[in-house]
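A look at the structure
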Amino acid sequence: MPKPDSTPPSNFIRSIIDEDLKTNKYGGRVHTRFPPEPNGYLHIGHAKSICLNFGLAADYGGPCNLRYDDTNPSKEEPEYVESIREDVRWLGFDWGDREFYASDYFDQLYEYAIQLIKAGKAYVDDLSADEIREYRGTLTKPGKESPYRNRTVEENLELFERMRAGKFEDGSRVLRAKIDMASPNLNMRDPVMYRILHAEHHRSSNKWCIYPTYDFTHGQSDSIEGITHSICTLEFEDHRPLYDWFLDELNVYHPQQIEFARLNLSYTVMSKRMLLELVEHGYVTGWDDPRMPTISGFRRRGYTPESIRDFCERIGVAKRDSIVDIALLEHCIRKDLNRRAPRVMAVLRPLRVVIDNYPEGQVEELDALNSPEDPDMGTRKVPFSRVLYIEREDFREDPPKKFYRLAPGREVRLRYAYFIKCVGVVKDEQTREVVELHCTYDPQTRGGDSPDGRKVRATLHWVSASHSLEAEVRLYDHLFVKPDPTDNKDGSNFKMHLNPNSLETLTSCHVEPSLAGAAPRSRYQFERLGYFCVDSVDSSQGRLVFNRTATLRDTWAKIEKTQAKGAKVTEAPGQSKLAHLRKDAPATGRREELEPIGEEINIDDFSKIDLRVGLVRDSSAVKGSNKLIKLMVDIGEGRLRQIFAGIRPGYPDPEKLVGKKVIVVANLKPRQMKFGLSEGMILSGGDADRLCAPTFEHDPLPGDKVT
RNA sequence: UGGGGUGUCGUCAAGCGGUAAGACACGGGCCUUUGGAGCCCGCAUUCGGAGGUUCGAAUCCUCCCACCCCAGCCA
């Protein structure tokens with residue numbers, strides 16, 4: 001039974017329930033339900049609703065029903081009810097014997113309809129669908145009453161009975177509630193209650209040829225089940241008056257509907273229609289493709305139910321539209337798997353390493369921890385031999401700054417094994433690609449400790465070439481490249497934002513032998529790489545297939561990315577208008593040379609940067625520097641800011657800047673530099689010999705915001 | 001131009017008239033046989049905007065602005 005780690009976070013729904021309990025509105029009862037339509041697979045948005053409904057019930061000591069809203073036989077299938085059952089169960093919830101179907105209530109609903117007809121509150125309409133639409137009016141214009149609106153009760157009763165008896169064609173007639181064709185709420189303009197549909201229903205088969213609409217079904221189903229708090233999503237907010245109307249006219253038990261905002265997740269889509277499209281057009285391999293935001297997708301991807309529940313609790317419940325950062329979900333699964341996944345070594349892109357001074361044919365079984373977090377998880381043996389594989393990216397012939405893995409002449413530790421030093425590099429004659437490394441090992445460092453206390457900066461994972469097992473590994477990334485793929489204001493289609501690299505399949509991976517026979521779905525941490533699980537569909541005894549659930553946080557990747565971006569800017573000095581924009585240039589004061597900027601600055605950064613017009617009141621060269629100019633700038637704060645800018649090359653005569661207007665990045669933290677405090681940055685660009693002077697539509701004042 | 005909703009940090013989100021929780025992300029540091037994990041520190045003088053009420057307003061009032069939903073015989 002899912003149990004919240006701590007006290008559940010406060011939210012508006014709990015407040016309502018607390019209040020209801022206080023006023024004894026429902027006799028102290030709390031009874032919820034999760035009401036999916038079996039027309040597709042459940043996704044993580046449904047998980048939010050499931051956790052909410054089952055969670056609330058559990059916390060308040062009441063039941064939660066599982067009810068299928070199966071009122072549209074043309075879209076619903078048993079395959080879906082099966083998958084829903086499995087997913088809810090997998091998430092860890094139990095609905096006991098309370099598995100219900102709206103279709104169970106068809107008889108009752110029919111009686112309710114008769115009751116409304118008899119009360120003169122419903123009528124059979126002969127208008128076509130198109131005509132009904134026309135008669136409905138628009139958002140601003142009231143609708144017109146149907147000419148059939150005032151039939152007698154007897155006539156309506158007879159017609160409705162004949163509808164039920166199959167005397168009419170699909171679409172030829174409907175039963176409508178008689179409410180108000182002039183209502184500003186379109187839902188109240190005589191909504192359809194029953195339509196004729198000669199279709200076989202997945203449960204009631206051919207018993208019915210008329211089916212109640214969702215609007216006429218949902219509220220009454222909740223009423224029949226004695227639901228107290230009927231929680232649904234925002235789009236049903238303006239249906240509530242209609243549901244209230246039905247319940248009141250019928251004079252039956254009246255649950256309370258509460259609406260909350262559905263979940264949106266960045267870099268994916270949550271609409272069943274779009275997910276269906278991805279499945280049907282083969283953009284993914286199925287509803288359970290590990291890239292899908294479906295429960296079955298996450299399950300196959302290696303997510304745990306606990307992590308999803310944790311996520312659903314952390315995102316909260318509110319009424320505002322939002323897009324939750326998928327990084328939060330990833331945080332939840334990492335957190336859970338860090339605790340429970342045994343560590344293991346796997347090499348995804350192998351590079352052969354020969355330990356020259358290790359005896360040929362010798363094999364040692366070294367001890368390795370299954371979890372550094374939890375000693376109770378025990379140890380295992382890992383075979384070490386003369387020929388190994390390490391990760392290709394753990395070696396660089398020409399290591400960049402801060403890369404402290406293996407390189408020619410460098411010593412690193414092989415986890416749980418030895419220190420090794422690279423003494424030779426073998427390259428392919430043609431391609432010049434590194435194909436093999438020669439290393440020596442230090443026998444004194446067995447297990448990974450050096451008796452002489454010398455340090456190495458890196459620890460690498462590895463496998464023994466002859467002992468390792470081959471495996472296929474599937475690397476998954478976000479399904480879309482755009483945070484909100486459904487944002488199509490630019491005329492794009494969500495499918496245009498699919499990530500072409502959302503799946504990378506690696507086929508010649510090597511994993512340590514302890515993974516032989518790993519059970520489908522079992523989860524591991526491949527040390528230094530990420531969390532992986534054995535694929536439940538394609539993996540078998542003879543063929544190991546792993547799915548990457550999540551990467552580990554990768555500090556080096558971040559550094560490298562930063563370095564690459566910095567390099568990109570310096571490659572073409574002057575090319576970019578931002579070539580001189582730098583965050584850290586002479587900040588340390590240690591170097592005179594201009595450093596590449598820390599990272600590439602894009603438009604998003606500018607949306608966060610506060611750019612202000614600054615009037616230069618004083619400008620002078622900085623003694624002891626041939627790059628820096630000290631500026632005193634007025635940005636309308638009632639005082640001058642002191643700013644050091646590395647623009648001397650463009651301004652041999654700094655005095656000429658006095659009186660000029662420049663653009664100041666005003667919301668940077670002041671930096672203590674060798675020459676003094678710098679309170680901002682001057683936006684400059686162009687090539688090395690001139691400052692790009694900002695131009696303005698009007699004459700700006702110091703402190704004006706630049707957009 | 002009708003009705004229903006919503007606007008608090010980059011992203012979620014507490015807050016309910018007494019002076020802006022927390023999480024993720026981000027930045028910095030410590031530690032480390034995973035550049036993992038962990039630990040520490042920093043990160044909204046301000047709550048869509050403008051007025052008003054009040055000793056005191058994110059919370060109350062007024063006006064304005066922005067965004068979302070509704071014209072299925074879908075749910």
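Data block above holds the structure.
What you are looking at is a predicted structure, and each value in this text was computed from that prediction instead of being measured.

Regarding the nonpolar core
- One finds Ile44, Val88, Ile308 and Phe311 to be the most contacted residues of the largest nonpolar core, which totals 39 residues.
- Looking at this core, the elements with two or more residues in it are α2 (44-59), β2 (64-68), α3 (78-91), α10 (295-301), α11 (305-315) and α12 (326-340).
- If one sorts the elements of this core by residue count, α2 sits on top with six residues.
- What Val88 contacts, discounting residues up to four positions off in sequence, is Phe34, Leu42, Ile50, Phe54, Phe93 and Trp95.
- Formed by 33 residues, the second largest nonpolar core is a distinct cluster that contains Tyr110, Ile179, Tyr211 and Phe246.

Concerning the sheet that holds strand β6 (residues 192-196)
- Taking strand neighbours across the sheet as the criterion, the four strands line up as β4-β5-β6-β7 in an open arrangement whose pairing is antiparallel. Each edge of the sheet is formed by a strand with only one pairing partner; in this case those strands are β4 (122-125) and β7 (210-212). The sheet shows a mean angle of 20° between the axes of neighbouring strands, direction not considered.
- Taken together, the three bridges between β6 and β7 define a ladder with antiparallel strand orientation. Its bridge partner lying in β7, Arg195 is registered against Tyr211.
- Each of β4, β5 (174-177), β6 and β7 touches helix α4 (residues 106-118); the most contacted strand, β6, lies at about 120° to it.

Digging into the side chain of Arg474
- Along the chain, Arg474 falls in strand β21 (residues 469-476).
- Of note is the side chain of Arg474, whose polar atom sits 2.8 Å from the side chain of Asp538.
- Not counting residues up to four positions away in its chain, the partners in contact with Arg474 are Arg300, Leu503, Glu504, Thr505, Asp535, Asp538, Arg543, Val545, Phe546, Asn547 and Arg548.

Some details on the protein's contact with RNA strand B
- Taken together, 67 residues form the shell around RNA strand B, and within it Arg343, Arg405, Arg415, Gly447 and Gln525 come nearest.
- When the atoms of RNA strand B within 4 Å of the protein are sorted by group, sugar and phosphate make up 64%.
- Here a base nitrogen of RNA strand B sits 3.0 Å away from a polar atom, N or O, in the main chain of Ala129.
- Between Tyr404 and RNA strand B, the recorded distance is 2.6 Å, taken from a side-chain N or O atom to a base nitrogen.
- Listing elements by their share of the surface near RNA strand B, those giving two or more residues are α5 (129-136), β6, α11, α12 and α13 (555-571).
- For the surface near RNA strand B, a count of residues per class yields 24 nonpolar, 18 polar and 25 charged.

Details of the packing of aromatic side chains
- Counted under the stated rule, the structure contains 25 aromatic pairs.
- Centroid distance Tyr418 to Tyr441: 4.7 Å. Interplanar angle 80°. Geometry classified as edge-to-face. Taken as a pair, Tyr418 in the loop between β16 (411-414) and β17 (419-427) and Tyr441 in strand β18 (residues 434-442) lie far apart in primary sequence, 23 residues in all. Judged on exposure class, the residue Tyr418 and its partner Tyr441 are both buried.
- Taken together through their ring pairs, the aromatic side chains of Phe106, Tyr110, Phe160, Tyr194, Trp208, Tyr211, Phe216, Trp245 and Phe246 make up a single cluster.
- Sitting above the plane of the Tyr135 ring, Lys144 keeps its charged end 4.6 Å from the centroid.
- For Arg203, the ring lying beneath its charged end belongs to Tyr101, and the centroid distance is 3.4 Å.

Looking at the pairing of β6
- The buried fraction of β6 amounts to four of the five residues, a majority that puts the element mostly inside the structure.
- Across three bridges, the pairing between β5 and β6 is antiparallel. Paired with Leu175 across the two strands is Tyr194, which belongs to β6.

Section: the packing of α4 against helix α7 (residues 214-225)
- Contact pair α4 / α7: the axes reach a minimum separation of 11 Å and the direction vectors enclose 110°. As far as their axial angle goes, α7 and α4 are roughly perpendicular. For the element pair α4 and α7, the recorded crossing hand is right-handed. Residues Gln108, Leu109, Tyr112, Ala113 and Leu116 of α4 form the contact with α7, whose participating residues are Phe216, Thr217, Gln220 and Ile224.
- Considered class by class, the residues forming the contact of α4 with α7 number six nonpolar, three polar and no charged.

Section: the side chain of Arg149
- Examined against the element boundaries, Arg149 turns out to sit in the loop between α5 and α6 (153-164).
- The exposure class of Arg149 is buried, given its relative accessible area of 7%.
- In this structure the side chain of Arg149 is engaged in a polar contact, spanning 3.2 Å, whose partner is the side chain of Glu145.
- At 2.7 Å, the side chain of Arg149 forms a polar contact with the side chain of Asp190.
- Beyond its immediate stretch of four places on either side in the chain, Arg149 contacts Tyr123, Lys178, Ile179, Asp180, Met181 and Asp190.

Digging into the environment of His46
- Structurally, His46 can be placed in helix α2.
- Separated by 216 residues in sequence, His46 and Arg262 place their C-alpha atoms 8.5 Å apart.

Structural notes on the pattern of salt bridges
- Using the criterion set out here, one finds 55 salt bridges in the structure.
- For Arg33, the salt bridge is made with Asp222, and the minimal N-O distance between the two is 3.2 Å. One end of the pair, Arg33, is in strand β1 (residues 32-34); the other, Asp222, is in helix α7, and 189 residues separate them in sequence. For the pair Arg33 and Asp222, one class covers both residues: buried.
- Here Glu436 and Arg352 are joined by a salt bridge, their closest N and O atoms 2.7 Å apart. Taken as a pair, Glu436 in strand β18 and Arg352 in strand β12 (residues 350-355) lie far apart in primary sequence, 84 residues in all.
- Its relative accessible area of 34% is what places Arg352 among the partly exposed residues.
- Several salt bridges converge on common partners, so that one network encompasses Asp288, Arg300, Glu472, Arg474, Asp535, Asp538 and Arg543.

Regarding the sheet that holds β2
- Taken together, the three strands give an open sheet; going across it, the order is β1-β2-β3, and neighbouring strands pair in parallel fashion. The outermost strands of the open sheet, each flanked by one partner alone, are β1 and β3 (99-101). Sheet twist, expressed as the average angle between the axes of neighbouring strands with direction ignored, equals 35°.
- In the packing of α3 onto the sheet, the strands contacted are β1, β2 and β3, and the crossing angle to β2 comes to about 160°.
- Set on the sheet, α7 makes contact with β1, β2 and β3; between it and β2 the angle comes to about 140°.

Reading guide: rules and limits
Residues numbered from 1 in each chain as written. Chains lettered and ligands numbered in written order. Predicted model: local features only at pLDDT ≥ 70, side-chain atom pairs only at ≥ 80, totals over all residues. Heavy atoms only, no water. Core = buried A, V, L, I, M, F, W, Y, C linked by side-chain atoms within 4.5 Å. Buried < 20%, exposed > 50% of the residue type's maximum accessible area, 1.4 Å probe, protein only. Helix = DSSP H or I, 4+ residues; strand = E, 2+ residues; numbered from the N terminus. Contact = heavy atoms within 4.5 Å. Pairing = 2+ DSSP bridges. Axes fitted to C-alpha atoms, helices over the stretch in contact; angles between N-to-C directions. Polar contact = N/O pair within 3.5 Å; in protein donor to acceptor, adjacent residues only side chain to side chain. Near = heavy atom within 4 Å. Nonpolar A, V, L, I, M, F, W, Y, C, P; charged D, E, K, R; others polar. Phe/Tyr/Trp six-rings, centres within 6.5 Å; stacked < 30°, edge-to-face > 60°. Lys NZ or Arg CZ within 6 Å of the ring centre and 35° of its normal. Parallel < 35°, antiparallel > 145°, perpendicular 65-115°, else oblique. Left-handed = near helix turned anticlockwise from the far one by under 90°. Salt bridge = Lys/Arg side-chain N within 4 Å of Asp/Glu carboxyl O.

These figures capture arrangement, not role.
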